[in-house]
Amino acid sequence: MDSKTIQDFLDNHDYDVRKTHNGRWIDQKCTMDVVCLVSDCIIEFTDRKPGSRFTVNDIWYSDYTVENVQQIFSKPDPSAKASNEYDKYFGQPIKLLDAAGVIHGEKEGMRYTYEIVNHDILEYISFRERNCYNFLCLYIEKVLRDSGIYHLFEYFFRMQNKDSFYDLKDGYTNFTIANTPINGATECGRIFTKVLNPLACKYKKCGTERGHISKDIITQDMLLYNQRNWRDILSEKPKEMTRVDYEVTLPKPSEDYMTTYRINRAKRNLRRFNDMYRNGLTELKEDRHLADLATQMHHIFPVSDYPKIADYLENLIALTPTQHFTYAHPNNNTQYIDRAYQYLCLIAKTGSIRENLLGNNDEPTIYDFYLYKMVLNTGLNTEEFFEVEDMDFDDVLNRIEKYYD
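Rules used in this analysis
- Residue indices begin from 1 for each chain and proceed along its sequence in written order.
- Per-residue local features of the predicted model are confined to residues with pLDDT of at least 70, and side-chain atom pairs are confined, for both listing and counting, to 80 or more; whole-chain, interface and lining totals are unaffected and use all residues.
- In computing side-chain values, all of the structure's heavy atoms are included and hydrogens and water are not.
- Side-chain rings of Phe, Tyr and Trp, where Trp is taken by its six-membered ring, are said to pair if the distance between their centres is within 6.5 Å; with planes under 30 degrees apart they count as stacked, over 60 as edge-to-face, and otherwise as tilted.
- Only protein chains enter the accessibility calculation, which uses a 1.4 Å probe. A residue is then buried if its area is under 20% of the maximum for its type, exposed if over 50%, and partly exposed in between.
- To sit over a ring, a charge needs its Lys NZ or Arg CZ within 6 Å of the ring centre and within 35 degrees of the ring normal.
- Note: pLDDT gives the predictor's confidence per residue, expressed from 0 to 100.
- Any two residues whose heavy atoms approach within 4.5 Å at even a single point are treated as in contact.
- Note on conventions: DSSP H or I runs of at least 4 residues are helices, E runs of at least 2 residues are strands, and numbering of each starts at the N terminus.
- In a helix, the anticipated span is given by 1.5 Å times the number of residues less one.
- The quantity called bend is, for any residue, the angle between two axes fitted respectively to the seven residues ending at it and the seven beginning at it.
- The rule for pairing is simple: two strands pair if DSSP sees at least two bridges between them.
- The directions considered for the arc are those from the helix axis to the C-beta atoms.
- Structural elements are reduced to axes, namely lines fitted to C-alpha atoms, with helices fitted over the stretch in contact, and the angle between N-to-C directions of any two is expressed from 0 to 180 degrees.
- Take the far helix as your reference; a near helix turned counterclockwise from it by less than a right angle gives a left-handed crossing, and one turned clockwise gives a right-handed crossing.
- Polar here means any residue outside two lists: the nonpolar Ala, Val, Leu, Ile, Met, Phe, Trp, Tyr, Cys and Pro, and the charged Asp, Glu, Lys and Arg; Gly therefore counts as polar.
- Each nonpolar core is a collection of buried residues, namely Ala, Val, Leu, Ile, Met, Phe, Trp, Tyr and Cys, held together in the definition by side-chain atoms within 4.5 Å.
- Roughly parallel means an angle under 35 degrees; roughly antiparallel means over 145; roughly perpendicular covers 65 to 115; every other angle is labelled oblique.
- Salt bridges are defined by distance alone: a side-chain nitrogen of Lys or Arg within 4 Å of a carboxyl oxygen of Asp or Glu.

## Some words on the packing of aromatic side chains
- The tally for this structure, following the rule as stated, stands at 23 aromatic pairs.
- Their ring planes at 25° and their centres at 6.2 Å tell us that Tyr-112 and Tyr-114 sit as a pair that is stacked.
- Note on Phe-301 and Tyr-306: the rings are 5.6 Å apart at their centroids and 70° apart in plane angle, and the pair reads as edge-to-face.
- The exposure class of Phe-301 is buried, given its relative accessible area of 1%.
- You can call Tyr-306 partly exposed: its relative accessible area is 23%.
- Three or more aromatic residues joined by ring pairs form one cluster here, namely Phe-156, Phe-157, Phe-165, Tyr-166, Tyr-172, Phe-192 and Tyr-203.
- Here the guanidinium or amino end of Lys-95 rests over the ring plane of Tyr-112, the centre of that ring lying 3.7 Å away.
- Geometry around Tyr-404 places Arg-339 over its ring, the cationic atom sitting 4.2 Å from the centre.

## Observations regarding the confidence of the model for the chain
- The predicted model of the chain averages 89 in pLDDT, with 88% of residues at 70 or higher.
- Here residues 251–255 scores under 50 on pLDDT; set against residues more than four positions off or in separate chains, the count is 3 contacts.

## Some points on helix α11 (residues 185–202)
- Helix length check: α11 (18 residues) gives 26 Å between terminal C-alpha atoms against 26 Å at 1.5 Å per residue, within 8%.
- The largest bend along α11 measures about 30° and falls at Ile-191.
- Taking burial as the measure, the 18 residues of α11 include 13 buried ones, the bulk of the element.
- Positive phi appears at Lys-204, one or two residues downstream of α11, with a value of about 55°.

## Notes on the pairing of strand β2 (residues 111–116)
- Relative to β2, strand β1 (residues 103–108) runs antiparallel, the two sharing 6 bridges. In the sheet register, Glu-106 faces β2, and the bridge partner there is Thr-113.
- What sits between β1 and β2 in their antiparallel hairpin is a turn of 2 residues, with Gly-109 showing a positive phi close to 70°.

## What about helix α9 (residues 150–159)?
- All of the buried residues in α9 are Tyr-150, Phe-153, Phe-156 and Phe-157. Buried residues of α9, viewed axially, fall in a sector of 120°; they line one side.
- Residues of α9 that are buried in the fold lie against α8 (129–146), α10 (162–179), α11, β3 (206–209) and β4 (212–217).
- Following α9 by one or two positions, Gln-160 adopts a phi angle in the positive range, close to 55°.

## Thoughts on the packing of α10 against α11
- One can describe the packing of α10 onto α11 by two numbers: an axis separation of 10 Å at closest approach and a directional angle of 115°. Seen from above, α10 lies across α11 with right-handed handedness. The residues of α11 that touch α10, namely those facing Phe-165, Leu-168, Lys-169, Tyr-172, Thr-173, Thr-176 and Ile-177, are Ala-185, Cys-188, Ile-191, Phe-192, Val-195 and Leu-196.
- Of the residues assigned to the contact of α10 with α11, the class counts are 10 nonpolar, 2 polar and 1 charged.

## Focus on the environment of Leu-199
- Within the secondary structure, Leu-199 is located in helix α11.
- For the pair Leu-199 and Leu-136, spaced 63 residues apart in the sequence, the C-alpha separation amounts to 8.9 Å.
- When residues no more than four places from it in sequence are discounted, the contact partners of Leu-199 are Cys-137, Ile-140, Glu-141, Leu-144, Tyr-150 and Phe-157.

## Digging into the nonpolar core
- If you look at the biggest cluster of nonpolar residues, it comprises 73 residues, and the most contacted ones within it are Phe-135 and Phe-153.
- In terms of nonpolar packing, the next biggest core, distinct from the first, is built from 38 residues, Ile-317, Ile-353, Leu-357 and Phe-385 among them.

## Let's talk about the packing of helix α3 (residues 32–46) against helix α14 (residues 257–277)
- Remark: α3 packs on α14, axes separated minimally by 13 Å, with the N-to-C direction vectors making an angle of 40°. Taken as axis vectors, α3 and α14 run oblique relative to one another. In terms of crossing hand, the pair formed by α3 and α14 is left-handed. Along the contact surface, α3 presents Cys-36, Leu-37, Asp-40, Ile-43 and Glu-44, while α14 presents Tyr-261, Arg-265, Arg-268 and Arg-272.
- A class-by-class count of the residues in the contact of α3 with α14 yields 4 nonpolar, no polar and 5 charged.

## Concerning the pattern of salt bridges
- The full count for this structure, using the stated rule, is 28 salt bridges.
- The salt bridge partner of Glu-129 is Arg-262, with a shortest N-O separation of 3.3 Å. Of this pair, Glu-129 sits in helix α8 while Arg-262 sits in helix α14, placing them 133 residues apart in sequence.
- Arg-262 gets classed as buried once you look at its relative accessible area, which sits at 19%.
- Of the charged contacts, one joins Glu-384 and Arg-399 as a salt bridge, the two residues approaching to 2.8 Å between their closest N and O atoms. With a gap of 15 residues between them, Glu-384 in the loop between α17 (369–379) and α18 (393–403) and Arg-399 in helix α18 connect regions that are remote in the sequence.
- Sharing partners across several salt bridges, the network here consists of Asp-40, Glu-44, Asp-47, Arg-268 and Arg-272.

## Structural notes on the pairing of β3
- Pairing between β3 and β4: 3 bridges, direction antiparallel. Bridge pairing in β4 places Thr-208 opposite Ile-213.
- Between the antiparallel neighbours β3 and β4 lie 2 residues, among them Arg-210 with a positive phi of about 55°.

Structural data, given as structure tokens:
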């Protein structure tokens, strides 16, 4: 799915806050990783129940959600009466998706019941944080334009100084108090961060940090929920040590649950896509395996050596068990990758991505050409794939060939 498809969807809605009076069209918990995760939980909960309706409770009490949220965000068990925290954590992203028109909620008694309106966009948001970030940027800007206050943001992005920042913050606060039930500047300030910073990141500008203009340009890692604040950590760094040396001394978590979740999510999404649109067959077409189901989602470049691309769909390929455990990992040794078979996997994956991005079919677009170039650069320890023109798959194949001659 490209940005034009999302923009066309957004353009069919009027998000003018002066008409909706919805002060919760975005909220404090609506970071790209949280909205992505909650969307994934909704997709998982409704996957085997077409047309099903759900409540916030349905999503937060599902086994899938409890397992992932407890591990990743260190939240209390939702069954342990931590309902207020969970209500915000799930309720706010769900309210955002409702306000955007991706899902629709109706009040039934004391609670809201929701149903999916646009499954393709919800699935796009749920696939990875980058997708969710793209959606949020387009959605936020559309709301601000419809509401007649985007010019305040444009002025700040142009001036990038304290005066324009406080003009923007005061303007946003006054607008929100005048047009929504939110009546406190403090509450407006908390939400303001989630409005400004994604756009600041998109346009490579300073945003807001602790209520003031940020000292640096906002980057995507600064938009994440529970992100470690490296400025705080580095404030304790001895002056004689470099940042790199200091980071090595910092304690590491025993297990990176977010990375594990993202890898499993990517594998699950690829298998679901492959089952639905590719008849569940292997992506590496070999005569002796054409009729076998591809139940293995194999990392072309292994997780242990290339953790940064471990959750990229572009680094995964659907194989049969025999292809996976006999050829990709000879003798079922998952610590070893057969280089010749890795080459065949890359050629096959290039074809799969080409078909998805350029083919005339009804399947949703799940791959990103730029991210595939990142996978190749990382896995082959080069930068040359960034030289490839957009969608030039022939050039990709020619360059891959050089590394496996």
